[in-house]
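# A closer look at the structure
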Amino acid sequence: MIATLDLPDYRTQTPAVAERFAKLKQRPPVLSVRGLEKRFPSPQGEVTALKNINFDVHRREFMCVVGQSGCGKSTLIRMLAGLETPSGGELLVDGKPVRGPGRDRGMVFQGYTLFPWLTVKANVMFGPLMAGKAKYTAESEARQWIELVGLSKFEDAYPHQLSGGMKQRVAIARALANEPRILLMDEPFGALDAQTRAQMQSYLLQIWKNIDITILFITHDLDEAVYLSDRVLVLEARPGRVKEIIEVPVPRPRDFSQIALPEFMATKNRLQELIHPESERKEDKLPMLRLTTVGDDVE
Ligand SMILES: Nc1ncnc2c1ncn2[C@@H]1O[C@H](COP(=O)(O)OP(=O)(O)OP(=O)(O)O)[C@@H](O)[C@H]1O
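Residues numbered from 1 in each chain as written. Predicted model: local features only at pLDDT ≥ 70, side-chain atom pairs only at ≥ 80, totals over all residues. Heavy atoms only, no water.

## Some thoughts on the overall build of the chain
- When helices and strands are counted, the chain shows 8 helices and 10 strands.
- At 21 Å, the chain has a C-alpha radius of gyration in line with the 19 Å of a compact globule built from 299 residues.
- Judged by the C-alpha coordinates and their principal axes, the chain covers about 70 × 50 × 50 Å.
- Expressed as a percentage of its 299 residues, the buried residues of the chain come to 46%. (Helix = DSSP H or I, 4+ residues; strand = E, 2+ residues; numbered from the N terminus. Rg over C-alpha atoms; globule rule 2.2 N^0.38 Å. Buried < 20%, exposed > 50% of the residue type's maximum accessible area, 1.4 Å probe, protein only.)

See the structure below:
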């Protein structure tokens, strides 16, 4: 963990940041989660994956969800997508209860979920065509979404001709083509190398800035969470519960140099404390089995 000596409190906000949050909270929530519960049957008895989850995501807000492995992040996003049924509580999009999958929620997963036999353009047109749009309209709209993600030169390419980052940009365009109210992203950049991942984070912020979309984004990467978010929701495990919702005090627009700002480091430190408390951090020792006779000590 970064030394905390000279870092400000992560709750300290400049007047500009505080004003931004005041405005954000005045906007109506696109997503409301009320008393949400999820229990799974298991041979050892019932597993409570999520218990009494409450939060709102406001219009055009970018919220990240972080937490230890097994704290229920995927369960939460699958319920929001309508792929899993809650055991209790309510999920509302624009005040209307979620009863299953719907076009008001776009999904982007870690694995590339493009149709490999369709071109980029045909992948992006697929949703609007299924919704009954005329081919001409679906095509011209698809071109616009492809342009938004910077892939106009590749509209006739097939997924196997694209890099991992480009495929994820097509997946974003395809999700946005349905004009959802909220984009649900489950570790979308988890399989990308560090450089592509950083590039995708920057692209995503540019896309978000240019359209009326609210984003809920799951990640394991705390730098990514602080860099992207307005607020970060921290889940704790067994049972999955909201531990804290942090307002990120880093000003917008964001750029990578902000990673060195004291408020960035203070927020990341706080997330680290919440997810891996000092008391839980222990170094696991492997059994001593020495298979070399070379005398140099490497550690
Ligand atoms: N279909 C299922 N049946 C039984 N238990 C489940 C099922 N899906 C998830 N769980 C349990 O619910 C809890 C939350 O799982 P979930 O996959 O949502 O966590 P996660 O935070 O997404 O984990 P990770 O970060 O490792 O992906 C875990 O204890 C998991 O074992």
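## Remarks on the site of the ligand
- Taken together, Phe 40, Ala 49, Gln 68, Ser 69, Gly 70, Cys 71, Gly 72, Lys 73, Ser 74, Thr 75 and His 220 form the complete shell of residues around the ligand.
- The side chain of Lys 73 places a nitrogen or oxygen atom 2.8 Å from an oxygen atom of the ligand.
- Within the contact set of the ligand, an oxygen atom lies 2.5 Å away from a side-chain nitrogen or oxygen of Thr 75.
- Computed on the free molecule, the ligand has an accessible area of 630 Å², of which 62% lies beneath the protein chains in the complex.
- When its residues are assigned to classes, the shell around the ligand shows 3 nonpolar, 7 polar and 1 charged. (Near = heavy atom within 4 Å. Polar contact = N/O pair within 3.5 Å; in protein donor to acceptor, adjacent residues only side chain to side chain. Areas by Shrake-Rupley, 256 points an atom, 1.4 Å probe, with all protein chains shown as cover. Nonpolar A, V, L, I, M, F, W, Y, C, P; charged D, E, K, R; others polar.)

## Some details on the UniProt feature "domain: ABC transporter" (unreviewed entry) in the chain
- When the UniProt feature table is mapped to this numbering, "domain: ABC transporter" (unreviewed entry) covers residues 31-262.
- The distance separating the terminal C-alpha atoms of residues 31-262 is 31 Å; by composition the span is 31% helix and 27% strand. (UniProt positions renumbered as here; feature names shortened; annotations may be inferred.)

## Regarding the domain arrangement of the chain
- Looking at the chain, the domain boundaries give domain 1 (15-104 + 182-276) and domain 2 (114-179).
- For domain 1 and domain 2, the distance between their C-alpha centroids amounts to 25 Å.
- On the domain 2 side, the residues contacting the 13 residues of domain 1 number 15 residues.
- Both sides of the domain 1 and domain 2 interface together cover about 1100 Å² of buried area, and 75% of this is carbon and sulfur.
- Together, Arg 103, Met 200 and Ile 207 form the three largest contributors to the area buried by domain 1 at its contact with domain 2, with a combined 47%.
- Linking domain 1 with domain 2 are 3 residue pairs in polar contact (both at pLDDT 80 or more).
- Elements supplying a minimum of two residues to the side of domain 1 that touches domain 2: β7 (182-186) and α6 (194-210).
- A per-element tally of the side of domain 1 that touches domain 2 places α6 first, with 6 residues.
- The class makeup of the residues in the side of domain 1 that touches domain 2 is 10 nonpolar, 2 polar and 1 charged. (Domains from an automatic or database assignment. Contact = heavy atoms within 4.5 Å. Buried area = accessible area lost by both parts, 1.4 Å probe.)

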